Amino acid sequence: MSISYNIAVIKGDGTGPEVIDEGVKVINAAASLYDFSLDFIDYDLGGQRFLTTGETLPDSVLEELRHANAIYLGAIGHPDVPPGTLEQGILLRLRFELDQYVNLRPVKLYPNVETPIKNKGPEEIDFLVVRENTEGFYAGSGGYFKKGTADEVAIQESINTRKGIERLLRYAFEMTRSRGKRKKLTLCGKTNVLTYAWGLWMRTFEEIANEYPDVHTDYAHVDAICMWFVKNPEWFDVIATDNMFGDIITDLGAMIQGGMGIAAGGNINPAGVSMFEPIGGSAPKYTGKNVINPLAGILAGSLMLETLGQKAAAKSIEDSVVKTLSNNIKSLEAGKMGYSTSEVGDLVAKYLS
Ligand code: IPM
Ligand code: MN
């Protein structure tokens, strides 16, 4: 009997459902070619549920998600919900509770995709950001003192644990090795100012590097990285960084690879349940119009299959996205693709081999 996976699907808000529907279409088509199957189980979470019931992520749902083989997420974000509510209540809570300590974000310029960077092409823009995903400023440590008075103090602390840093860096070293490209791992930090946090990161980095003599190591400050992403993206192979810096540099990364319409990511717990998502938001103004670009969602599906161990199927989806980009799509922008959302899904499914 062929292998089967239970996939929890959180289509979420805005254009999330339209994008995920195309992802599921393509994943199912790839599964039948490569002889495995998936059971997709929908979980109704997001802005609409919050507005109707006041719930973000009920404990009972979280318990069920713990038993999935993976989670496939569309988008979370609703214009009528106060900022932070859904982000913290659903997205960040899932990352923390499921201990998805790696946020994996490939920055890859595909052929025929326009980059704003002059004179750089797919050869030059192909690297991987390994972002810590459970600590740093995101840990929610801090508070107010004398709130609402003229003497008010706000403290927001960055939590960096030896264990958290070490497991993230080990993952990054392993990734650098298995990617087999330039075998270069760059640590992105701020050792010249944030000396406690980055002191610990640097010591841990240097220690683990001894175990990987075949991996070239390098360090760059986060501000300099922003400069080099634009000036010399070809310098990078794998970049490891903390939660906050990773959040910021991967938005820049998404722009140089052609925009949010193509950027996918995975929230990985190597020993548990991982969650895959397009990096872009819920794009409320395009909701229900069948014009949003589903490629980032489809590529998140490819990343999911790769992580589940279905490498050939994952590669085949990526290859079909490349064909769709080369043969069909005019622009990645919503409404300017020359095809509808569902037609793009059909094309990618058709090119699978
Ligand atoms: C991301 C997002 C989230 C983050 C927000 C929505 C909480 O920007 O996945 O990068 O900051 O991690
Ligand atoms: Mn972000």
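Things to note about the pattern of salt bridges
Scanning the model with the defined rule gives 26 salt bridges in all. One salt bridge in this structure joins Arg162 and Glu166, with 3.1 Å as the shortest N-O distance. Taken together, the residues span about one helical turn, with Arg162 and Glu166 both in helix α5 (residues 162-179) at a distance of 4 residues. A relative accessible area of 31% places Arg162 in the partly exposed class. Asp218 is the salt-bridge partner of Lys184, the closest N and O atoms lying 3.8 Å from each other.

Here we look at helix α1 (residues 16-33)
With 18 residues, α1 should reach 26 Å at 1.5 Å per residue; the first-to-last C-alpha distance of 26 Å fits that figure. Three or more residues of α1 are buried, namely Gly16, Glu18, Val19, Ile20, Glu22, Gly23, Val24, Val26, Ile27, Ala30 and Ala31. Of the residues one or two after α1, Asp35 is the one with positive phi, at around 65 degrees.

So, the site of ligand 1
Every residue near ligand 1 is listed here: Glu87, Leu91, Arg95, Arg105, Arg131, Tyr138 and Asp247. Arg95 is positioned with one of its side-chain polar atoms (N or O) 2.7 Å from an oxygen atom of ligand 1. A distance of 2.6 Å separates an oxygen atom of ligand 1 from a polar atom in the side chain of Tyr138. In isolation ligand 1 offers 320 Å² of accessible surface; the protein chains occlude 74% of this area. Examining the composition of the shell around ligand 1, we find that 3 residues originate from one element, helix α4 (residues 85-97), more than from any other. Its residues assigned to classes, the shell around ligand 1 comprises 2 nonpolar, no polar and 5 charged. Three or more residues apiece are contributed to the shell around ligand 1 by two domains, here domain 1 (1-109 + 263-353) and domain 2 (115-257).

With respect to the pairing of strand β8 (residues 184-189)
On any regular strand, side chains alternate: one points to one face of the sheet, the next to the other face. Most of β8 sits out of view: 6 of its 6 residues are buried. In β8, alternate side chains face the same way, and those of Lys184, Thr186 and Cys188 on one face and Leu185, Leu187 and Gly189 on the other are all buried. Pairing of β8 with strand β9 (residues 216-221) involves 6 bridges; the strand directions are parallel. Paired with Leu185 across the bridge in β9 is Thr217. You can see the chain leave β8, run along helix α6 (residues 195-209) and come back into β9, and the turn it takes is right-handed. Of the pairings in the sheet, the one linking β8 to strand β10 (residues 238-241) comprises 4 bridges and is parallel in character.

So, the environment of Tyr43
Note that Tyr43 resides in the loop between β2 (37-42) and α2 (47-53). Along the backbone, Tyr43 and Tyr339 are 296 residues apart, and their C-alpha atoms lie at a distance of 29 Å. For Tyr43, the residues in contact, after removing those within four places along its chain, are Ala8, Val9, Ile10, Lys11, Val61, Glu64 and Leu65.

Comments concerning the sheet that holds β2
In spatial order, the strands read β2-β1-β3-β12-β11-β4-β5-β10-β8-β9; together these 10 strands make up an open sheet with mixed pairing. Of all strands in the sheet, those bounded by a partner on one side alone are β2 and β9. Averaged over all pairs of adjacent strands, the angle between strand axes in this sheet comes to 25 degrees, irrespective of strand direction. Seen against the sheet, α5 touches β4 (102-108), β5 (126-132), β8, β9, β10 and β11 (264-268) and runs at an angle of roughly 165 degrees to β5.

So, the domain arrangement of the protein
What the domain assignment reports for the protein is domain 1 (1-109 + 263-353) and domain 2 (115-257). Placing the centre of domain 1 and that of domain 2 at their C-alpha centroids yields a distance of 24 Å. The interface is formed by 19 residues belonging to domain 1 together with 25 residues belonging to domain 2. For the pairing of domain 1 and domain 2, the buried interface totals around 2,100 Å² over both sides, and the portion due to carbon and sulfur atoms is 59%. On the domain 1 side of the interface with domain 2, the three residues burying the most area are Tyr101, Val107 and Leu109, jointly 37% of the side's total. For the interface between domain 1 and domain 2, the tally reads 1 salt bridge. Among the salt bridges present, the one from Asp99 reaches Arg167, with a minimum N-O distance of 2.9 Å. On inspection of domain 1 and its partner domain 2, the count reaches 11 residue pairs in polar contact (both at pLDDT 80 or more).

Description of the layout of surface pockets
For the largest pocket, the calculated volume is near 780 Å³. Residue lining of the largest pocket: 25 residues in total, with Pro106, Met175, Leu303, Glu306 and Glu318 positioned closest to the centre. Looking at the lining of the largest pocket, the elements that each hand over two or more residues are β4, β5, α5, β11, α9 (295-308) and α10 (311-327). When residues of the lining of the largest pocket are assigned to their parent elements, the largest contribution, 5 residues, is made by α9. In terms of residue class, the lining of the largest pocket is built from 13 nonpolar, 4 polar and 8 charged. Residues from two domains meet in the lining of the largest pocket; each of domain 1 (1-109 + 263-353) and domain 2 (115-257) gives at least three.

So, how was this worked out
Residues numbered from 1 in each chain as written. Chains lettered and ligands numbered in written order. Predicted model: local features only at pLDDT ≥ 70, side-chain atom pairs only at ≥ 80, totals over all residues. Heavy atoms only, no water. Salt bridge = Lys/Arg side-chain N within 4 Å of Asp/Glu carboxyl O. Helix = DSSP H or I, 4+ residues; strand = E, 2+ residues; numbered from the N terminus. Buried < 20%, exposed > 50% of the residue type's maximum accessible area, 1.4 Å probe, protein only. Expected span 1.5 Å × (residues − 1). Near = heavy atom within 4 Å. Polar contact = N/O pair within 3.5 Å; in protein donor to acceptor, adjacent residues only side chain to side chain. Areas by Shrake-Rupley, 256 points an atom, 1.4 Å probe, with all protein chains shown as cover. Nonpolar A, V, L, I, M, F, W, Y, C, P; charged D, E, K, R; others polar. Domains from an automatic or database assignment. Pairing = 2+ DSSP bridges. Right-handed = clockwise from strand over helix to strand, strands pointing away. Contact = heavy atoms within 4.5 Å. Axes fitted to C-alpha atoms, helices over the stretch in contact; angles between N-to-C directions. Buried area = accessible area lost by both parts, 1.4 Å probe. 1 Å grid on protein atoms, 1.4 Å probe; cavity = no way out; pocket = protein on both sides within 12 Å on 5 of 7 lines; lining within 4 Å. Points joined across faces, edges and corners; volume = space filled by probe spheres on them.

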